[in-house]
Amino acid sequence: MVVLIAPMDCEGELGERRRGVGMGKTKLDSGWLAARSTEVAATGVQLTTTHPPTGPSAPWMEAVVPGTVLGTLLKNNLVPDPFYGLNNEAVIDIANSGREYYTFWFFTTFECKTTENQHVHLNFRAINYSAEVYLNGHKEILPKGMFRRHSLDVTDILTPSGINMLAVLVHPPDHPGSIPPQGGQGGDHEIGKDVAAHYVEGWDWMTPIRDRNTGIWDEVSVQVTGPVKIIDPHLVSSFFDSFKRAYLHTTVGLENKSSRLAECLLSLQVTTELEGKICLVEHLQSHELQIPPGTHIQYTIPPLFFYKPSLWWPNGMGKQSLYDVEITVDVKGSGESDSWNHHFGFRKIESFIDDVTGGRLFKVNGEPVFIRGGNWILSDGLLRLSKKRYMTDIKFHADMNFNMLRCWGGGIAERPEFYQFCDMYGLLVWQEFWITGDVDGRGVPISNPNGPLDHNLFILCARDTVKLLRNHASLALWVGGNEQIPPKDINTSLKNDLKLHPLFHTAVEGLSDDTKDPSQSLDGTRVYIQGSLWDGFANGKGDFTDGPYEIQNPEDFFRDNFYPYGFNPEVGSIGMPVAATIRATMPSEGWLIPIFSKGSDGYIEEIPNPIWEYHKYIPYSKPGKVHDQIELYGHPKSLDDFCDKAQLVNYVQYRALLEGWTSRMWTKYTGVLIWKTQNPWTGLRGQFYDHLHDQTAGFFGCRCAAEPIHVQLNLASYFVEVVNTTSAGLSNVAVEVSVWGLDGSCPFYNVTEKILVPPKKVVEVVKMKYPNSKNAQPVYFLLLKLFRLSDFSILSRNFYWLHLPGKDFKSLELYRKKRVPLKITSEVLISGQTYEVSMQLKNLSKSSRSLICNKMDNKKEGGENCINLGKSIIGSEEKESSILRRISSGLGFLRSVDTPTMVDINGNDSGVAFFLHFSVHAAKKDHRTYEDTRILPVHYTDNYFSLVPGETMNISITFEVPPGITPRVTLHGWNNHEDHIIV
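Residues numbered from 1 in each chain as written. Predicted model: local features only at pLDDT ≥ 70, side-chain atom pairs only at ≥ 80, totals over all residues. Heavy atoms only, no water.

Quick look at the pairing of strand S6 (residues 119–124)
Part 1: Burial within S6 is extensive, with six of its six residues counted as buried.
Part 2: With burial as the criterion, each face of S6 is covered, one bearing His119, His121 and Asn123 and the other bearing Val120, Leu122 and Phe124.
Part 3: As paired strands, S6 and strand S11 (residues 220–225) are joined by six bridges and run antiparallel to one another. Paired with Val120 across the strands is Val224, a residue of S11. (Buried < 20%, exposed > 50% of the residue type's maximum accessible area, 1.4 Å probe, protein only. Helix = DSSP H or I, 4+ residues; strand = E, 2+ residues; numbered from the N terminus. Pairing = 2+ DSSP bridges.)

Written out as structure tokens, the structure is:
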């Protein structure tokens, strides 16, 4: 069946469909009040009948729901921001206050009036840790467990007027624990006795959360249905004939809430969105069935056949095609009773231990995926979660060219919104259950050798989490725990519940007639691994063989002896943000840079100030192993100087990490996950963007290194390598190699012969001999460009700054004085509060060398240069033109601001414009010294980049501006260190 639906009938992206008057789901996410339970004399019955709070007057205050008690106290300025400076020390810990101090009432009213045959459910998608619910004087108990849903049938207790009063008394975890003076991984480990997040007692990257995240921390909603309610549908895709034939398997839970037999028409519609938001109906089927009164059944719909469906691919491998699946149930005599919809991706994920490397190997749609990704804790330590923040978080990871996120077991079972954006941007997800080696039997002290006290509760929460998340294309595997396996009975239960259906065993294609439909399983479509260090991860045996977690010599990442196992689930390093973030998140005492203490062996020990130490700063040196990487650029003179040099190190460190792993793709490694990609608070380690959403230079080092097609320098062998992670071979390509001195000269230049790069391979191209040449400069720049010989379009560009063995980068200090001329052409497109700024930058300094590909743009837009592959190279004159206007249909840009503008940055020196980066600010006539005027987040197609003489690059910047604010885009660079206003 092929039916076109007009744009107005298509469901919006990640939106919710309303189903008739009074039907559907209404979120209760505003208008809440809260009060400490010890300060409220009224009972829950009285609060929801005769003595409701009248407003935010003591002891009642405006509440954050979804959110936590601490989030509510912060909103009302009753505690200082615990993520600022040392403020967290001023917030009383639950171990000292007692659980009653963080036991809170939450109150709201909502309007809901039913008609005949309608039923109403009050839904809590998660609370922490247990609660008593009062609605219009009636009491219900929400049992314990942080990771379980609660649904209460409240049809018979709604008021005739339709105005309903709701009060919820939320209790903290039963075992909140205490924080030892020395801190530690998970405090005293008592939190592990509950089924809750472990990180809240603090970690080596996180300060303790004082209320242990007590609160109504996830969505609350009121859902109105007819007599029959849809419960937890399960969607599964299966494939045959090399993915030409596909089937959609569907099993739906249906509950008849009425006292009469329900004669139902169950409909399944599958649509896909075409251009212009026109929807194509691919399937529409209906099935008649009867449901006895008061019963809950599982109904399996006959599989729907698809011929060559559009497949969902991980980031960097193809399009993330998503179909909209809608299930509706109509009841005779009542009309539409309930409806459910989900964005679903057709894809097959396989995972097994690779024979060559011993590492775990993932395949998606039959194609091996070289995993380059990161460890994810959660978006915010106070559980201030939102779709907008999730979208930024996940898009940032896609922008870094990552293809997997590991949801660490000491954090949370991530929310559906997180997965929706992973589906959209192509991030595979490793979801761990709530077991950690430090808390569950392997840490010091050993307090929970048998895991949580209530094993049945853990299993219940795990099963409910599977039902909540299993339909997401991005979900790749379940893992029992972090650096530990669950207790034997829990582990056995998870293995049985999540064992692969026969269709998803690697060698199987085809089923016998008596095989159970895969959608009837709890999951069965993705593997379950018992722990993060088992079965193809690290040494596969559970030994602590992940890491390391500190600064490394960049070349060491390329050495054969750096890491011996095929898949490293955790390897971490530094994460210093920019100076503006330090000033925004710490008082002036925190602006002091570390003391550099030089030992007798010549190594430097960094001694950070107490605030940096509290925020878990990782030094840029490792005495006895790694010389201070910041000091290589000259001793830092100020906070700005320190942070600028830290960004240089961040870029080099993380680019080398990923390039080192990729250099051994499939020969030694199957993947790597960096510990960590971000911080859920204002921490100073293991991050590519800070808690305010400003990227470090390490972000763009990763973006460069993780390109699907990439040219790189092996820092150990000094061979130029070409990486091809795609399924298509590269032919008729070559690499341009140019070396640039600090004096602006180009002392070395070469274009390789035509090269061939097979799919999924790394090829050594040519050895860099310049460092061994007679007149090699102590510090030099290297530019590598992989390009097509047919049209000279650039497939990959990689810029290095290097020094000869035994030397350092201190001469770059003098290079700061160079003034390199730039020309910047910009155009601004605006839609509402969203800006897209397209810029073209050109290094105007003169050079005797004309490069083959002197115009670099990220999307292959713009002009070409004429070349001759012989000894002489003739470059065409670059045409001065504005960047072509890019209209984004997704953002719907409506207008351009005036005409393209040009800004010249004057300079009389010739050379590389080094380490340029943009930032976006609120334009203010008067602002305080060091006031943080940044507009965040901002999405850049590139940043922290360099331009050789004559080179041109296109950059696009996208951001939202708060109402009433005029944005200003500025450019800063190593040798353009004044903030130049571009837009």
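That covers the picture; the talk isn't over yet.
Things to note about the packing of aromatic side chains
What describes a pair of aromatic rings is the distance from one ring centre to the other and the angle between the planes of the rings.
Part 1: If you walk through the whole model with that rule in mind, you get 62 aromatic pairs.
Part 2: A centroid spacing of 5.5 Å and a plane angle of 10° characterise the contact between Phe433 and Trp478, whose relative ring orientation is stacked. Highlighted residues: Phe433 in the loop between strand S24 (428–432) and helix H6 (455–469) and Trp478 in strand S25 (residues 475–479), separated in sequence by 45 residues. Each member of the pair Phe433 and Trp478 is classed as buried.
Part 3: Measuring from centroid to centroid gives 5.0 Å for Phe537 and Phe567, while their planes differ by 80°, and the two rings are edge-to-face. Separated by 30 residues along the polypeptide, Phe537 in the loop between strand S26 (527–529) and strand S27 (567–572) and Phe567 in strand S27 bring together distant segments of the chain. For the pair Phe537 and Phe567, one class covers both residues: buried.
Part 4: Here the basic side chain of Arg583 rests over the ring of Trp591, its NZ or CZ set 5.5 Å away from the ring centre.
Part 5: Lying across the ring of Trp801, Arg655 places its NZ or CZ 5.8 Å from the centre. (Phe/Tyr/Trp six-rings, centres within 6.5 Å; stacked < 30°, edge-to-face > 60°. Lys NZ or Arg CZ within 6 Å of the ring centre and 35° of its normal.)

Describing the UniProt feature "domain: Exo-beta-D-glucosaminidase Ig-fold" (unreviewed entry) in the protein
Part 1: In the numbering used here, UniProt assigns the feature "domain: Exo-beta-D-glucosaminidase Ig-fold" (unreviewed entry) to residues 900–975.
Part 2: With 0% helix and 47% strand, residues 900–975 has end C-alpha atoms that lie 26 Å from one another. (UniProt positions renumbered as here; feature names shortened; annotations may be inferred.)

Points about the sheet that holds strand S19 (residues 349–353)
Part 1: The antiparallel open sheet is built from three strands, whose spatial order is S19-S20-S21. Pairing within the sheet leaves two strands with one partner each, and these edge strands are S19 and strand S21 (367–369). Each adjacent strand pair in this sheet contributes to an overall mean axis angle of 35°, direction not counted.
Part 2: Note that strand S20 (residues 360–364) and S21 share three bridges and pair antiparallel. Each residue of the ladder has a partner; that of Lys363, found in S21, is Pro368. (Axes fitted to C-alpha atoms, helices over the stretch in contact; angles between N-to-C directions.)

Digging into the side chain of Glu631
Part 1: Mapped onto the elements, Glu631 comes out in the loop between helix H9 (610–614) and helix H10 (639–663).
Part 2: Within the buried core, Glu631 has no salt-bridge partner, and the shortest N-O distance to an opposite charge, that of Lys810, equals 4.9 Å.
Part 3: Among the polar contacts made by the side chain of Glu631, one reaches the side chain of His635 at a distance of 3.1 Å.
Part 4: In this structure, Glu631 is in contact with Phe596, Ile604, Pro636 and Lys810, ignoring residues within four places of it in sequence. (Lys, Arg positive; Asp, Glu negative; His and termini not counted. Salt bridge = Lys/Arg side-chain N within 4 Å of Asp/Glu carboxyl O. Polar contact = N/O pair within 3.5 Å; in protein donor to acceptor, adjacent residues only side chain to side chain. Contact = heavy atoms within 4.5 Å.)

Observations concerning the side chain of Asn798
Part 1: The residue Asn798 is located in strand S38 (residues 794–803) in this model.
Part 2: Judged by relative accessible area, which is 0%, Asn798 ranks as buried.
Part 3: Here the side chain of Asn798 touches Glu659 through a polar contact of 2.8 Å, side chain to side chain.
Part 4: Polar contacts involving the side chain of Asn798 include one to the side chain of Tyr800, which spans 3.0 Å.
Part 5: If we ignore the near neighbours within four places in the chain, the residues touching Asn798 are Arg655, Glu659, Cys704, His710, Val711, Gln712, Leu782, Leu783 and Leu784.

Topic: the packing of H10 against helix H11 (residues 697–705)
Geometry of a packed helix pair, given as the angle between the helix axes and the separation of the axes.
Part 1: Where H10 meets H11, the closest approach of the two axes is 7 Å, and the angle between their N-to-C directions is 30°. Classified by the angle their axes make, H10 and H11 are roughly parallel. Once H10 is placed against H11, the crossing between them reads as right-handed. Across from Gln647, Asn650, Tyr651, Tyr654, Arg655, Leu658 and Glu659 in H10, the residues of H11 making contact are Ala697, Gly698, Phe700, Gly701, Cys702, Cys704 and Ala705.
Part 2: When the residues that make up the contact of H10 with H11 are grouped by side-chain class, the tally is eight nonpolar, four polar and two charged. (Parallel < 35°, antiparallel > 145°, perpendicular 65-115°, else oblique. Left-handed = near helix turned anticlockwise from the far one by under 90°. Nonpolar A, V, L, I, M, F, W, Y, C, P; charged D, E, K, R; others polar.)

Observations concerning the environment of Leu756
Part 1: Following the sequence through the fold, Leu756 ends up in strand S35 (residues 755–757).
Part 2: The spatial distance from the C-alpha of Leu756 to the C-alpha of Ser731 is 4.7 Å, given a sequence separation of 25 residues.
Part 3: Apart from residues lying up to four places away in sequence, Leu756 is in contact with Leu730, Ser731, Asn732 and Val763.

Topic: the nonpolar core
Taken as a class, soluble globular proteins show a tendency for nonpolar side chains to be buried jointly.
Part 1: Trp801, Leu812, Phe914, Phe918 and Ile957 are the most contacted members of the largest nonpolar core, which totals 234 residues.
Part 2: If you tally residues by element for this core, the top one is H10, at 13 residues.
Part 3: Those residues in contact with Ile957 that lie beyond four places of it in its chain are Tyr835, Glu836, Val837, Met839, Phe918, Val920, Val938, His939, Tyr940 and Val969.
Part 4: Core analysis: the next-biggest nonpolar cluster, separate from the first, contains 28 residues, Val228, Leu248, Leu304 and Phe346 among them. (Core = buried A, V, L, I, M, F, W, Y, C linked by side-chain atoms within 4.5 Å.)

Thoughts on the pattern of salt bridges
Part 1: What the rule picks out here adds up to 43 salt bridges.
Part 2: The residue Arg125 makes a salt bridge to Glu219 at a minimum N-O spacing of 3.8 Å. Of this pair, Arg125 sits in the loop between S6 and strand S7 (130–135) while Glu219 sits in the loop between strand S10 (163–171) and S11, placing them 94 residues apart in sequence. In this pair, the class of Arg125 matches that of Glu219, namely buried.
Part 3: Taking the shortest distance from any N to any O, the salt bridge between Lys645 and Glu813 comes out at 2.7 Å. Of this pair, Lys645 sits in helix H10 while Glu813 sits in helix H12 (residues 812–815), and the two are 168 residues apart along the sequence.
Part 4: Salt bridges here are not isolated pairs; linked through shared partners, they connect Lys25, Lys27, Arg125, Asp218, Glu219, Arg415 and Glu417.

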